[in-house]
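# Chains, contacts and geometry: an overview
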Amino acid sequence: MSYNNIVTHYEGHAFIITINRENKLNALNYETLQEIKDVILSVQENNSVRGIILTGAGTKAFAAGADISEFAEFDTIQGTKLSAEGHEVMNTIEQSTIPVIAAVNGFSLGGGCELAMACHIRIASENAKFGQPEVNLGIPPGYAGTQRLVQLIGKGKALEMLLSAEIINAQQALSYGMVSKVVPIEQLHKTCMELVNLYASKSPSAIAMIIRCVNSHFESTNPGFEKEISEFGRAFGTKDFKEGTSAFIEKRKPNY
Ligand code: COA
């Protein structure tokens, strides 16, 4: 299968997905997200794949967020749909019964941070940076960042990051428990491959069961995911959203 925004290849037991929009810092437009979802689903049936590595092209960004230029003119209905579809992509990754490792090789912001958080494991390069800067755009995160950030680092730290748009470095992310390991960028791929090889030595059926059990703990009746979708959509009807996205496109600070 060929894709417009990602490149994929097999390496030993690993299936590697690289977001390939380097000149846009691998920003996640609609098509990119759908391609990631499709390829993750299609690889599930391949028994020789024992780990999926998701990364970004180049050395500057894993993904610098959802593609702001694509949604700047959206209304509430389109915003709600965008969020619901983004949630579906993130859920597909989380529900993969082959472990998905985010090899975070630079900026992992907004939708990029949400993408990394939907993966089962995150390994960061020393230059990686994490944040949910949506508040600068007049919107909340829309791809389940308000939920998975709380799951990963707890309510206090999550609110600190979400309300301030603070961008944290790899060592801070490690100390918050957002990532499992920080390595020099030259060792990022090798470190992720070692993990895939480790998983390849384990029982794939037990791995699948573990993933389903862990996911199940967070599914229950949590209304937060649906709440985020509706609040994200609602934000698209505000003047703050118009100001935030215009400011980004015009390369200036927003005036709230
Ligand atoms: N959506 C769309 N385009 C994006 C983008 C995004 N989330 N992030 C970066 N880009 C584009 C820039 O518009 C620029 O395109 P151009 O060369 O056509 O002008 C290109 O990628 C390079 O980005 P630039 O901002 O010039 O790089 P920088 O090194 O000065 O800054 C960041 C890097 C990550 C700090 C900055 O790009 C940024 O703040 N991005 C948006 C982050 C964000 O708010 N994400 C949440 C979105 S939901």
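Please read these numbers as outputs of a predicted model, since none were measured by experiment. (Residues numbered from 1 in each chain as written. Predicted model: local features only at pLDDT ≥ 70, side-chain atom pairs only at ≥ 80, totals over all residues. Heavy atoms only, no water.)

### As for the packing of aromatic side chains
Taken as a whole, this structure holds 5 aromatic pairs when the rule is applied. Ring plane angle 25° and centroid distance 6.4 Å describe the contact between F71 and F241, whose orientation is recorded as stacked. Remark: F241 occurs in helix α11 (residues 239–249) and F71 occurs in helix α2 (residues 68–71); sequence separation between them is 170 residues. Pair check on accessibility: F71 and F241 agree, each one buried. Aromatic side chains F232 and F236 sit 4.9 Å apart centroid to centroid with 55° between the ring planes, which places their arrangement in the tilted category. (Phe/Tyr/Trp six-rings, centres within 6.5 Å; stacked < 30°, edge-to-face > 60°. Helix = DSSP H or I, 4+ residues; strand = E, 2+ residues; numbered from the N terminus. Buried < 20%, exposed > 50% of the residue type's maximum accessible area, 1.4 Å probe, protein only.)

### Notes on the environment of T8
With respect to the element layout, T8 can be found in strand β1 (residues 6–11). A residue is classified by how much of its surface remains accessible, and T8, at 29% relative accessible area, is partly exposed. The spatial distance from the C-alpha of T8 to the C-alpha of P99 is 16 Å, given a sequence separation of 91 residues. Residues in contact with T8, not counting those within four places in the same chain, are F15, I16, I17 and V39. (Contact = heavy atoms within 4.5 Å.)

### Brief notes about the site of the ligand
Inspection of the region around the ligand gives 18 residues, with K24, K60, A64, A66 and K251 positioned closest. Within the side chain of K24, an N or O atom sits 2.6 Å from an oxygen atom of the ligand. Side-chain polar atom of K60 to an oxygen atom of the ligand: 2.6 Å apart, as the coordinates give it. Considering the ligand on its own, with 870 Å² of exposed area, one finds that the protein chains cover 67% of that surface. Each residue belonging to the shell around the ligand can be placed in one class, and the counts come to 10 nonpolar, 3 polar and 5 charged. (Near = heavy atom within 4 Å. Polar contact = N/O pair within 3.5 Å; in protein donor to acceptor, adjacent residues only side chain to side chain. Areas by Shrake-Rupley, 256 points an atom, 1.4 Å probe, with all protein chains shown as cover. Nonpolar A, V, L, I, M, F, W, Y, C, P; charged D, E, K, R; others polar.)

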